[in-house]
Amino acid sequence: AALGPAPNQEDLKKLDRALPTYMLKTTGWDEQMAMKRWTETLKWRCEIDDDKVVQRPNPDFFRIHPHYPTYLHLEDRGGRLTYWEILGEMDPDALAREGLTTPIITQN
């Protein structure tokens, strides 16, 4: 998304990326800090081309998935599928036994 150098709430709403409540909660309702974090998150998502991540083949997917549970879930208000990573169920020892490094896993 074309955020510009200092997006505000209106800019994000126009892009259908309004500041989510969870960002406000995690910053103790500090709107300026929440906006900074949300902007950084959206820029990172653009860098990794997150809209297409599920379309890119990953040759290690079937080695990673049993040890790193992830799920496609319901659509958000904008109609985009949500993707959940269940980090508490991840088994780092099993991933290491498979020879899977952090860069390989994070490309999944």
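What about helix H3 (residues 31-47)?
Compared with an ideal rise of 1.5 Å per residue, which puts 17 residues at 24 Å, H3 spans 24 Å between its outermost C-alpha atoms and is within 8% of the ideal. Buried residues belonging to H3 abut helix H1 (9-14) and helix H2 (21-26). Near the N-terminus of H3, the side chain that reaches the backbone nitrogen of Gln 32, with its oxygen 3.1 Å away, is that of Asp 30. Where H3 terminates, the next one or two residues include Asp 49, which has phi positive at roughly 55°.

Thoughts on the environment of Glu 75
The topology assignment puts Glu 75 in strand S1 (residues 70-75). Overall, the relative accessible area of 55% leaves Glu 75 in the exposed class. As a C-alpha pair, Glu 75 and Thr 27 span 48 residues in sequence and 25 Å in three-dimensional space. With sequence-adjacent residues up to four places away left out, Glu 75 is seen in contact with Arg 80 and Leu 81.

With respect to the packing of aromatic side chains
All chains considered together, the criterion is met by 2 aromatic pairs. Residues Phe 61 and Phe 62 carry aromatic rings whose centres are separated by 5.0 Å and whose planes lie at 90° to one another, so their mutual orientation is edge-to-face. You can call Phe 61 partly exposed: its relative accessible area is 28%. Exposure remark for Phe 62: the relative accessible area of 72% places this residue in the exposed category.

Points about the pattern of salt bridges
Counted under the stated rule, the structure contains 3 salt bridges. The partner of Arg 63 in a salt bridge is Asp 60, with the nearest N and O atoms 2.7 Å apart. Exposure remark for Arg 63: the relative accessible area of 32% places this residue in the partly exposed category. Judged by relative accessible area, which is 16%, Asp 60 ranks as buried. Among the ionic pairs, Arg 63 bridges to Glu 98, the shortest N-O distance being 3.3 Å. Within this pair, whereas Arg 63 is found in helix H4 (residues 61-64), its partner Glu 98 is found in the loop between helix H5 (92-97) and helix H6 (102-106), the two being separated by 35 residues in sequence. Counted as one network, the salt bridges with shared partners bring together Asp 60, Arg 63 and Glu 98.

Calculation rules
Residues numbered from 1 in each chain as written. Predicted model: local features only at pLDDT ≥ 70, side-chain atom pairs only at ≥ 80, totals over all residues. Heavy atoms only, no water. Helix = DSSP H or I, 4+ residues; strand = E, 2+ residues; numbered from the N terminus. Expected span 1.5 Å × (residues − 1). Contact = heavy atoms within 4.5 Å. Polar contact = N/O pair within 3.5 Å; in protein donor to acceptor, adjacent residues only side chain to side chain. Buried < 20%, exposed > 50% of the residue type's maximum accessible area, 1.4 Å probe, protein only. Phe/Tyr/Trp six-rings, centres within 6.5 Å; stacked < 30°, edge-to-face > 60°. Salt bridge = Lys/Arg side-chain N within 4 Å of Asp/Glu carboxyl O.

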